[in-house]
Amino acid sequence: MLTQDHPSTQQVSDMTNKLTIALAPGDGIGPEITRACLHIFKVAGVLDHVEFTEVDMGRKVFNEGDTRGMTDEAIETIEATGILYKGPMGTPIGGGGKSINVTLRKTFGAFANLRHFQTLPGVETVYSRAGVPVDFYVVRENVEDTYGGIEHRLTPDSYCAKRIITTPGCDQINRFAFETAKAFGIDKVTCGHKANIMKMTDGTFLDRFKFVAQDYPQIETEDVIIDALCMNLVLRPDKYKMIVLTNLQGDIVSDLAAGLVGGLGFAPSANIGDQISIFEAVHGTAPDIAGQDLANPTSLLLSGLIMLRHIGMRKTAAIIENSLLYTLESGVHTGDVKGKGQPVGTTDFAQAIADNLGKNPETIEGCTVPAKDELHHTPPVRPSANQIMTTHEQVETTVCGCDIFLQNILSPTELAAKLHRLTQSTPFKLTVISNRGTQVWPTGSPYTEMVNECCVRFELKEGTVIGQGPTVHLLAKVAEKFTVTDFIPIRMYDGVPGFSLAQGQ
Ligand code: NAI
């Protein structure tokens, strides 16, 4: 099977009522592939049970000066329906407008991105030629990590992006992965990470993977460093069944995985939240082929099939999926696909799938078609306030110093001497100076190239216990003499340092 119904928290509702889904066709090839999918849905009978309400989003809204890229009415409709089916949308480059795709996932709490990558009949890849079957899922965390988009220019030369990883966020995504594996009958989950380098952020992701895994003893687990994972995926993609990843690493691995099965045109994507879920094509707006009836609608169609299963239309989804497989197998494909025979356009491809409804693939096992659809979906219940998620509530937290980032062109020794004089009468002592994360004082190598920004770490002189106030006073003192670019109090959590060492420390 290409896609299966994932765990849903929603309940069964009346089959006689039409369910409303917000629809945003998107930019570039978006409207063409959306039209193609809706045509297939119509012929398959989806529109007898589902009503698509179009909402304003994307380039048109950006061009009207709304930097959110979506109107208030669009937000209201999505919040009311709880489901958005969307085509690709362009992100304005520069100018402050953020990616609408990321904004949507984050605003509506669609924390889990689920993608399925499987060899398709009629789609030739190096793996299909070598007889290596590809069939695995990627679960990517969707709202944390560098996708916070919290970036600053700290000095004329240096820039910084904040990478936020939280325990509740890790627990949510890891539990989603295990629950999905359980629902799909998948018996192994792999955690991809870079905990060897990012010991606190990726280290937490890995720790929480292991913690959540304890609740699923029937599922085998393993963890692998992200670079090795990329190599393994290219060498032995058949080794993997489900991979759970943080946001940016998941983004990169997802596109790598799409390449294994024939490209972005074949990769479906579901962004699942507790209340609101978004189903979208993985690829972008493909401006180079927009408006020419060349685009492949498969990715958006497969995402639509995950959506149909999400609302309980498992029978219809399986029939459409089998028709898609049969169509590809019979050699009908769009121009982006390396396959036999002449390519057809978007419209003809969609028509072939509509004509083939009821047929099953012959060279591979098709989907089992359930006896009936059981439509279920309860629109979101609007919370009265934002929910705050916490994991560690009973941790003893003590401030033990601070890291102050400075614009600096003095040598480490000169800087240390000045800071010593400046902080003599304070409860702090200077312990480390680092530049781009590498220690340059009290010891270091003259070969370490430096930039004009460094981090100076102050720690409490022995035995002194304080709150965060004195660190702020220290900051004020340092700021009188230096340009401060960042400031972070450093803390112990139940006696364990909540800060990393400098490289070489
Ligand atoms: P892209 O995915 O639009 O295009 C990359 C290449 O793949 C192009 O050669 C394109 O013709 C081809 N391609 C993509 N989808 C195809 C399809 N369905 N059928 C046939 N060929 C297809 O990526 P690009 O060029 O980096 O981004 C273009 C715009 O799309 C940007 O503004 C970007 O921000 C946006 N974008 C939106 C996404 C979304 O809405 N989820 C995801 C990725 C990019």
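Residues numbered from 1 in each chain as written. Predicted model: local features only at pLDDT ≥ 70, side-chain atom pairs only at ≥ 80, totals over all residues. Heavy atoms only, no water.

Caption draft 1: Region of interest: the layout of surface pockets. The computed volume of the largest pocket comes to approximately 2,200 Å³. Along its surface, the largest pocket is lined by 48 residues, and Met-200, Thr-201, Gly-498, Phe-499 and Ser-500 are the ones closest to its centre. For the lining of the largest pocket, the secondary structure elements donating two or more residues are strand E7 (159-161), helix H7 (201-213), strand E13 (397-407), strand E14 (428-435), strand E16 (453-460), strand E17 (483-493) and strand E18 (496-497). It is E17 that contributes the most residues to the lining of the largest pocket, six residues altogether. A breakdown of the residues in the lining of the largest pocket according to their chemical character gives 23 nonpolar, 15 polar and 10 charged. (1 Å grid on protein atoms, 1.4 Å probe; cavity = no way out; pocket = protein on both sides within 12 Å on 5 of 7 lines; lining within 4 Å. Points joined across faces, edges and corners; volume = space filled by probe spheres on them. Helix = DSSP H or I, 4+ residues; strand = E, 2+ residues; numbered from the N terminus. Nonpolar A, V, L, I, M, F, W, Y, C, P; charged D, E, K, R; others polar.)

Caption draft 2: Region of the structure containing the packing of helix H6 (residues 167-184) against H7. In the contact formed by H6 and H7, the axes pass within 9 Å of each other and the chain directions differ by 50 degrees. Taken as axis vectors, H6 and H7 run oblique relative to one another. In the packing of H6 onto H7, the handedness of the crossing is right-handed. Contacts between H6 and H7 involve Thr-167, Cys-170, Asp-171, Ile-173, Asn-174, Arg-175 and Phe-178 from the former and Thr-204, Phe-205, Arg-208, Phe-209, Val-212 and Ala-213 from the latter. Broken down by class, the residue content of the contact of H6 with H7 amounts to seven nonpolar, three polar and three charged. (Axes fitted to C-alpha atoms, helices over the stretch in contact; angles between N-to-C directions. Parallel < 35°, antiparallel > 145°, perpendicular 65-115°, else oblique. Left-handed = near helix turned anticlockwise from the far one by under 90°. Contact = heavy atoms within 4.5 Å.)

Caption draft 3: View of the nonpolar core. Counting residues in hydrophobic clusters, the biggest one holds 67 residues, and the most contacted among them are Ile-21, Phe-41, Tyr-85, Val-244, Leu-308 and Ile-311. The two domains that each donate at least three residues to this core are domain 1 (16-111 + 275-392) and domain 2 (112-272). In this view, Val-244 contacts Val-139, Ile-173, Asn-174, Ala-177, Val-189, Thr-190, Cys-191, Gly-192, Phe-205 and Phe-209; residues no more than four positions away in its chain are not counted. Counting residues in hydrophobic clusters, the runner-up holds 21 residues, among them Cys-402, Leu-406, Leu-422 and Val-456. (Core = buried A, V, L, I, M, F, W, Y, C linked by side-chain atoms within 4.5 Å. Buried < 20%, exposed > 50% of the residue type's maximum accessible area, 1.4 Å probe, protein only. Domains from an automatic or database assignment.)

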